[in-house]
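# Residue-level structural notes
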Amino acid sequence: MRPIQWLAVGFFLLLDFCTGQRMVSIQKGRLYRAKGYHVTIWCNVRGYQGQLQQDFQWSIYKPSAPDMEIQMIGTHDNFSPYAAYAQRVRSREIYIERLRGDSVLLHLTDLKDQDAGEYQCHTPSTDSKYLGTYSAKMNLSVIPDTLSATMKMQSLSRDQGDSLELICEVSTATTIHTHLSVAWYILKKEGDGQAQKIISLSRDFVLLPGPSYQQRFSSGDVRLDKTGSKEYKLLIVKIQPSDQGEVYCEGVEWIQDPDETWKDIARKQTNRISLMVRSLDRPTYIPPLLTESHMQLFLSTNHEQTVEGSALVFHCNGTITEKSLSVTWWHIKKNGDSPLFIASLDQDGTLKIGHSYLERSVNGELRLEKLGPSIFTLTVYKSSATQDTGLYRCEVAELSKGKSWTQEISTKVEPLGLNLNAELSSRKPNVNLYEDIELFCKVSGNGITSQAPVSITWQFKDSTGMTGYQQVVKVTAGGNVEWGSSAPHLSPQKKAKITKSPSVSQLLIHSATWQDMGMYRCEVEIWKNSGPAGSSAMAPHAVIPSNPIEIKVITPESKLITDISEKSLDIFSNEDITIDCKIISLTKKNSTLEITWYFLPLYPKNAAPLMILRTNYDHISEYGEAFNFPHQKSRFHSKKVSSHLYQLLILSADNEVQGKYYCEVNEWIWVVDAGWHSLGKMESGHTTVYFKLPETKPHIERTNHSITTNENEEETLKCILQSPIQPTSHFLVSWFKMSEYFTVATLGGNKSNGSVWNGNMNMARRLQPYSHSVGNFCLKLQDVEMADAGLLFCQVEEWRAPNSSTVPIQHESAPTNSSQICSPRSLYRFLLFYPPVLFLILVGVFLMLYFRRKRVPKEKVALEQNIISGEELTVLAPSHFEPSGKSCDNNIAERMNLVN
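These lines cover the structure that appears in this document, whether it is placed above or below. Note that the structure is a prediction, hence the values are computed from the model and not measured.

So, how was this worked out
Residues numbered from 1 in each chain as written. Predicted model: local features only at pLDDT ≥ 70, side-chain atom pairs only at ≥ 80, totals over all residues. Heavy atoms only, no water. Helix = DSSP H or I, 4+ residues; strand = E, 2+ residues; numbered from the N terminus. Contact = heavy atoms within 4.5 Å. Areas by Shrake-Rupley, 256 points an atom, 1.4 Å probe, with all protein chains shown as cover. Pairing = 2+ DSSP bridges. Axes fitted to C-alpha atoms, helices over the stretch in contact; angles between N-to-C directions. 1 Å grid on protein atoms, 1.4 Å probe; cavity = no way out; pocket = protein on both sides within 12 Å on 5 of 7 lines; lining within 4 Å. Points joined across faces, edges and corners; volume = space filled by probe spheres on them. Nonpolar A, V, L, I, M, F, W, Y, C, P; charged D, E, K, R; others polar. Polar contact = N/O pair within 3.5 Å; in protein donor to acceptor, adjacent residues only side chain to side chain. Core = buried A, V, L, I, M, F, W, Y, C linked by side-chain atoms within 4.5 Å. Buried < 20%, exposed > 50% of the residue type's maximum accessible area, 1.4 Å probe, protein only.

### A word on the overall build of the protein chain
Counting its secondary structure elements, the protein chain contains seven helices and 62 strands. For the protein chain, restricting intrachain contacts to residue pairs at least 6 apart in sequence, the fraction spanning at least 24 positions comes to 61%. Of the accessible surface of the protein chain, which amounts to about 46900 Å², a share of 53% is contributed by carbon and sulfur atoms.

The following block contains the structure:
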């Protein structure tokens, strides 16, 4: 084929390879996200075959076990998430959003510390052939939420045209590189309920005004300045009535992802500040009756809407400095009623009190003051919803000139406790053992918490229901904390903590146990002043109980995982061995482990496991019944290497230790007032121990010998063992003969105990195998005949007898047992070495016989010993007879040897 044809073929093969290839893509990592926020990770698949709607499944590999896949969630029906994620999937805290058939988003709505790790997106195959990538991975790191946004709590009242200045502090302690943005918002009273942006400073330090503040930003009436490392100042010049509402500040923390896009990872809002703007052209404004002196009169109050018990303060301010001014205060309860005289203060200081207010004045609940030539105040203490709601009129007069000015303002006093509500909530109704319980008691209704003294009492009823609600702690209206004595386990010395703001109280219970299970509720008590004005005497007015919440303390789901892989171990006599018990993960870092070691015999197959040794949570060791003997206790020992690795030590192992070994790990924790509690147990994988005898073989002298003898003579053949001989060794020696036609015949042999066996009955009377000394084996051949010529060789089997049981060590001949032939090691040796060696031997024997037949008379026949090395025995006719005189102790050059 020409080169251009090869190039064309390669191009089309490459084209075929690259088309129709599945490719899974995942959002580029590593991503850094803050704890507690909503996080998404996208995954797409391309180049697939089959249905348009592909399935996706998500897994996580945690840093503590980077090789263990933990399945989280999948789109196909038969997907089973790992137990730790099942509840979060059911509650849709974790869910998959399908953007289209081949693209999805993984949602983690409440990111937790344990969500950090390597995420894998996998798509099961719908292709006709396996080609491409079916999964992709990325890393997600969870960082603490350190973003903070705070603003001084205050209530603001401004006149139209005044300036407003607010400072917001925004900061973060994140160790990685992030940017901050700051924005100011207002929720207007007359708006649609949606907050409007006033102005913001972007993460790139760009000022961006809100749509309704664009023109005022351009004119310089709205500004945002960074005045310090974490201070951001909002300035509104010439404030307008349309600016009235609730103002707050928001800080956002941003990070740049590996794909170079910016992502907001945390955001915090400050408390809201109520801003009231008094209009200069309000309908209630009454121009001066006499304009000659050009006086203007302004009337304001500290509360246009309040709750009973609060003090009402009215300010009546004029713009002239005449000293001869008097003031009169009137009250109109509702439209159509006649004005009710409250009090008056003449220019000479004479005070007059209306009949309806005389008793309240005596009790100190009414006060009139002149703070300047034309500045007057009226204070009504302990306001009443039925008596003090309505329109208030201030009338200032200059009697000498017959001039007067009037201004009115309305106020509304709500009944104490009206629409008051106490709502109890919890972050988690079911908490794990030793997790924190967080309860929130929120008080709402008419802004009462900022205007009237409120006390909050936390109550608890245990899960047995034997008693009613008992007081845990009370925060009084004066701010004192009073702990109850009926629930000592919730005392502050142990684990409970209380906090209180004007509208919310939090009860925090650290390290919850089963004692803390039960019903919780809070009671809100409204107090009012029961003494004269200025006194501190208080009396309860109304008690509002909250909804009850049941808190359950559950045992955490076991995260105990052991190494369940199967292992095998070959050991030899008198070895010390170690069995590992490896723990991959634990439920609790401070848990205590109980380790139990078991032995499972290889035979019979249905044998029950036997306990070897147990070390419990008190570190007390206990041996099993079958191992509770001195020689067993001295042999088996348990050892703690680390918190995640335990070992069983077996000293001086022999064939008795053959079998399977495994550990059982039981995870315990100490529960206060309840004792030890098991979190779960798990077995490890089996380690199978096989006892192997040493693979040493008897080594025999490999020198070839050629022996020529006369017919009817006696000849001794030798087989000398050169390897070290163990005291427990026994030997079986066999002798063989190969004729000139390459047929092998068994002659006979002997054992170490002196017994002799014969393989050739025709030669039995003339053969005498014996052992002259240990390792020195002989075969005496009497009355040699011409038919004895040939190749003679020996085979030695060594046996050892540990613990009085005979075990074979080595067979020098080729194995005849089928299981040995088919074992990988033996088969490899057989196929690789034996055929060529046998071929070379046969060729050598053939050539040797060929040349020797040319040199020796026809009546001589050659005989050699040993397949690998041997002795050639030539038998001469009687005319060539020479006495041998050889014995088994003659010189070693005539010895006959077998070599492995």
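### Some words on the sheet that holds strand S28 (residues 375-380)
Read across the sheet, four strands follow the order S21-S23-S28-S27 without closing on themselves; strand pairing throughout is antiparallel. Lying at the two open borders of the sheet, with one neighbouring strand each, are strand S21 (297-301) and strand S27 (366-372). Across the sheet, the axes of successive neighbouring strands diverge by a mean angle of 15°, strand direction being ignored. Sheet topology places S27 next to S28; six bridges connect them, and they run antiparallel. Note on S28: the bridge partner recorded for leucine 368 is leucine 378.

### Some remarks on the layout of surface pockets
For the largest pocket, the calculated volume is near 2100 Å³. In terms of lining, the largest pocket is formed by 48 residues, of which the most central are Lys112, Gln114, Asn432, Glu435 and Lys559. Contributions of two or more residues to the lining of the largest pocket are made by helix H2 (83-90), strand S32 (430-432) and strand S33 (437-444). Its residues assigned to classes, the lining of the largest pocket shows 18 nonpolar, 13 polar and 17 charged.

### Some thoughts on the side chain of aspartate 102
Here aspartate 102 shows up in the loop between strand S6 (94-100) and strand S7 (103-108). Only 2.9 Å separates the side chain of aspartate 102 from the side chain of arginine 100, close enough to count as a polar contact. Beyond its immediate stretch of four places on either side in the chain, aspartate 102 contacts Cys43, Asn44, Val45, Arg46, Tyr48, Leu52 and Phe56.

### Focus: the nonpolar core
Judged by nonpolar contacts, the single largest core of 36 residues is most densely connected at Leu424, Leu439, Ile456, Trp458, Leu507, Tyr520 and Val524. When contributions to this core are tallied by element, the ones reaching two or more residues are strand S31 (421-426), S33, strand S34 (454-462), strand S35 (470-475), strand S38 (504-509), strand S39 (518-529), strand S41 (549-554) and strand S50 (659-671). Once residues within four sequence positions are removed from consideration, leucine 424 is found in contact with Leu439, Phe440, Cys441, Trp458, Tyr520, Arg521, Cys522, Ser546, Asn547 and Ile549.

### Brief notes about the pairing of S28
By the criterion of burial, S28 is predominantly enclosed, with five of the six residues buried. Counting the residues between successive antiparallel strands, the hairpin from S27 to S28 contains two residues.

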